[in-house]
Amino acid sequence: MPTFALVDCNNFYASCERVFQPHLANRPIVVLSNNDGCVVARSQEAKALGIAMGVPIFQVRPIVERHGVAVLSSNYALYGDLSARVASVLAAAAPRIEVYSIDESFLDLDRLAVPDLTVWCGDLRAQILRWTGIPVSIGIGPTKTLAKLANRLAKGSPRVHGVLDLSNNPAWTEAALRKTSVGDVWGIGLRWSKMLVDRGISTALDLRDAPDGWIRQRMGVVGLRTVHELRGIACHDMETGPASKQTTCCSRTFGEAVTDKTHVRDAVVAFATRAAEKIRVAGQVCGAIQLFIATDRFDTTAPQHAPSATSAFMTPTADSRSIVAAALRTFERLWRDGFAYRKAGVLLLDLCSAGDVMPSLFTDERPQSRPLMMAMDKVNERFGRGSIGLGLSTRTAPWRMRQGNLSPRFTTRWQELPVARIMPEAKNDVVR
């Protein structure tokens, strides 16, 4: 019988900040989106204060000041590295792992010969906390949907100590389904949730017991698979390798509205360069590029302009020079003076494996492209992204993100590594 576990890092961004900043323990924390605009992550203490996900920070400023909430900029370098560390612990412990998101991973426990899965997962939970500093909750079930449901309940119930096993306990499964709102079932979005509630299906138990024919008619095969998963019939297997992407995007909202053409042009160059790096890492090439620039649609007092255009390559490429050149040609077609642009993005289309591209007599690929790009990538990998590139702009350009409350990148920058000092007055040379 298949057995899955979902390991979910608790309040992940806030937990990452606390690993190297112990003074943040038990203090409410909010992490902000790019440009320090909206709340994208909250500690449990911040949730208890009523701070909602996605709310603009200026709207909750009185709560922040009244309760001493720590407000931090998104530190994706730190979060990504700690996520990889958690995943490495899981990969060493379980036969198969599927990294589902930055803070969630599925484990295949089917062939794991242990007498008690709850005890084993409890030990794994303790190991992750000891080795990475990140607290996690673990849900176990015969399907991925039930494992995710179990995880959600494990996170909210102190009685189960962070681990809930629904893999071989029908009574517990029944109670868990009855306790879970239908909108909280994995795969049930807002539209389906509203439709189901309107028809008297308000819990996961109601959904499990709904007739197959009615579910198939209303929700299609995808919805029927979800129902079967709630019944303990596994429809979703482990995906141990990432699926090949068909597109890759690099876009960003600027730190402030920009009217200078040169600054927006620099942003386009940076985004095109980064998108090209992404597909090279994946061993892919692109057949076309799409560029967009946009004004601030929320500023009703400003004139609006949000054009986009696509340009195709004669031969699929991953060469930054070709991709940047195409982006700049497209940019010249789109640019209009007199507008304050707030966002830009580069989308690489028609991606395929670099090994699948057939040589062409009429190729526009540049000589020695691959060795040059490999050399650029190695330099940037060793000395930091942006160390070498095309048309580099100043790091203080107005289009760059605002990150006024950014904590150090404790694990990925030599200059920002935490320092342990021996205090002269400390007894027995204790490091503080």
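Details of the structure are given in the entry above.
This report concerns the structure included in the present document.

Criteria and thresholds
Residue numbers restart at each chain and count upward from 1, following the sequence in its written direction. Per-residue local features of the predicted model are confined to residues with pLDDT of at least 70, and side-chain atom pairs are confined, for both listing and counting, to 80 or more; whole-chain, interface and lining totals are unaffected and use all residues. Working from all heavy atoms in the structure, the side-chain values ignore hydrogens and water. By the criteria applied, helices consist of DSSP H or I runs no shorter than four residues and strands consist of E runs no shorter than two, each listed in order from the N terminus. Think of it in three bands: residues with accessible area under 20% of the maximum for their type are buried, residues over 50% are exposed, and the middle band is partly exposed, with areas taken using a 1.4 Å probe on protein chains only. The charged-residue count follows a simple rule in which Lys and Arg add positive charge and Asp and Glu add negative charge, with His and chain termini not counted at all. One atom stands in for each charge, and that atom is NZ of Lys, CZ of Arg, CG of Asp or CD of Glu. Points on a 1 Å grid, built from protein atoms alone, make a cavity when a 1.4 Å probe fits but cannot get out and make a pocket when they are open with protein on both sides within 12 Å along at least 5 of 7 lines; residues with an atom within 4 Å of a point are the lining residues. Grid points are joined across faces, edges and corners, and a volume is the space filled by probe spheres set on the points. The classification used treats Ala, Val, Leu, Ile, Met, Phe, Trp, Tyr, Cys and Pro as nonpolar, Asp, Glu, Lys and Arg as charged, and all other residues, Gly among them, as polar. For Phe, Tyr and Trp, where Trp contributes only its six-membered ring, two rings pair if their centres lie within 6.5 Å, and the inter-plane angle classes them as stacked under 30 degrees, edge-to-face over 60, or tilted in between. Whether a charge sits over a ring comes down to the Lys NZ or Arg CZ being within 6 Å of the ring centre and within 35 degrees of the ring normal. By definition here, a salt bridge exists when the distance from a side-chain nitrogen of Lys or Arg to a carboxyl oxygen of Asp or Glu is within 4 Å. Two strands are said to pair when DSSP picks up at least two bridges between them. Axis geometry follows a simple rule: fit a line to the C-alpha atoms, using only the stretch in contact for helices, then measure angles between N-to-C directions, giving values from 0 to 180 degrees. Contact criterion: two residues are considered in contact whenever any of their non-hydrogen atoms come within 4.5 Å of each other. Helix span, expected: 1.5 Å multiplied by one less than the number of residues in the helix. Arc definition: it is the arc formed by the directions from the helix axis to the C-beta atoms.

Focus: the overall build of the protein chain
Then step 1. Check the secondary structure of the protein chain and you find 13 helices and 13 strands.
Then step 2. In terms of its C-alpha atoms, the protein chain occupies a principal-axis envelope of roughly 75 × 65 × 50 Å.
Then step 3. With 432 residues in all, the protein chain has 44% of them scored as buried.
Then step 4. Counting 53 positive and 41 negative side-chain charges, the protein chain places the centres of these two groups 3 Å from one another.

As for the layout of surface pockets
Then step 1. What the second largest pocket holds in volume is close to 520 Å³.
Then step 2. Contributions of two or more residues to the lining of the second largest pocket are made by β10 (284-295) and β12 (341-349).
Then step 3. Looking at the lining of the second largest pocket residue by residue, the class counts come to seven nonpolar, eight polar and five charged.

Some details on the packing of aromatic side chains
Then step 1. Inspection of every chain in the model, using the stated rule, returns 11 aromatic pairs.
Then step 2. When the ring of F106 is compared with that of W186, the centres are 5.5 Å apart and the planes differ by 40°; the resulting orientation is tilted. Highlighted residues: F106 in strand β6 (residues 104-108) and W186 in the loop between α7 (170-179) and α8 (190-198), separated in sequence by 80 residues.
Then step 3. On the accessibility criterion, W186 (21% relative accessible area) is partly exposed.
Then step 4. When the centroid spacing of 5.7 Å and the interplanar angle of 45° are considered together, the rings of F331 and W335 count as tilted. Taken individually, F331 and W335 each receive the classification buried, so the pair is uniform in this respect.
Then step 5. Cluster of aromatic residues (ring-pair linked, three or more members): F12, Y13, Y76 and Y79.
Then step 6. It is K144 that lies over the ring of F106; its NZ or CZ is 4.7 Å from the centre.

Considering the environment of G68
Then step 1. Counting through the fold element by element, G68 comes out in the loop between α3 (61-67) and β4 (70-73).
Then step 2. Taking the relative accessible area as the measure of exposure, G68 reaches 30% and is therefore partly exposed.
Then step 3. Sequence spacing of G68 and A309 is 241 residues, and the spatial spacing of their C-alpha atoms is 47 Å.

Side note on the pattern of salt bridges
Then step 1. Evaluation of the coordinates by the stated rule reveals 19 salt bridges.
Then step 2. In this structure, R208 and D209 form a salt bridge, with 2.9 Å as the shortest nitrogen-oxygen distance.
Then step 3. Taken together, the salt bridges that share partners define one network made up of E174, R178, R208 and D209.

As for the sheet that holds strand β3 (residues 39-42)
Then step 1. Within the open sheet, the three strands sit side by side as β3-β2-β4. Their pairing is mixed. Two strands bound the open sheet, and with one partner strand each, they are β3 and β4. Taken pair by pair, the neighbouring strands of this sheet meet at an average axis angle of 30°, ignoring direction.
Then step 2. Of the pairings in the sheet, the one linking strand β2 (residues 29-32) to β4 comprises four bridges and is parallel in character. Within β4, the residue paired with L32 across the bridge is S73.
Then step 3. Of the strands in this sheet, β2, β3 and β4 touch helix α1 (residues 12-19), which is tilted by about 110° from β2.

Here's the deal with unusual backbone geometry
Then step 1. Backbone geometry places N11, a non-glycine residue, at a positive phi of 45°.
Then step 2. For N11, the position within the fold is in the loop between β1 (4-9) and α1.
Then step 3. A positive phi angle, near 55°, is found at D350, a position not held by glycine.
Then step 4. By relative accessible area, D350 is classed as exposed at 54%.

Topic: the sheet that holds β1
Then step 1. Taking strand neighbours across the sheet as the criterion, the five strands line up as β5-β6-β1-β7-β8 in an open arrangement whose pairing is mixed. Looking at which strands have only one partner, the edges of the open sheet turn out to be β5 (96-101) and β8 (163-165). Put simply, the sheet's adjacent strands are angled 15° from each other on average, direction ignored.
Then step 2. In the sheet, β5 pairs with β6 via five bridges, with the strands oriented antiparallel. Bridge assignment links I97 to a residue of β6, and that residue is L107.

A look at the environment of M373
Then step 1. Here M373 lies in helix α13 (residues 369-383).
Then step 2. Separated by 362 residues in sequence, M373 and N11 place their C-alpha atoms 38 Å apart.
Then step 3. Not counting the four nearest positions on each side in its chain, M373 is found in contact with R280, A318, D319, S320 and R321.

Re helix α4 (residues 76-93)
Then step 1. Here α4 is 18 residues long and its end C-alpha atoms lie 26 Å apart, about the 26 Å a rise of 1.5 Å per residue gives.
Then step 2. Among all positions in α4, only L78, Y79, L82, S83, V86, A87, V89 and L90 are buried. Axial view of α4: buried residues confined to an arc of 165°, hence all on one face.

Section: α7
Then step 1. Buried within α7 are the following residues: T173, A176 and L177. When α7 is viewed along its axis, its buried side chains cluster within an angular range of 95° and face the same direction. The exposed residues of α7 that point more than 90 degrees off its buried face are A171 and K179.
Then step 2. Against α6 (144-156), α9 (204-208) and α10 (212-230) lie the buried residues of α7.

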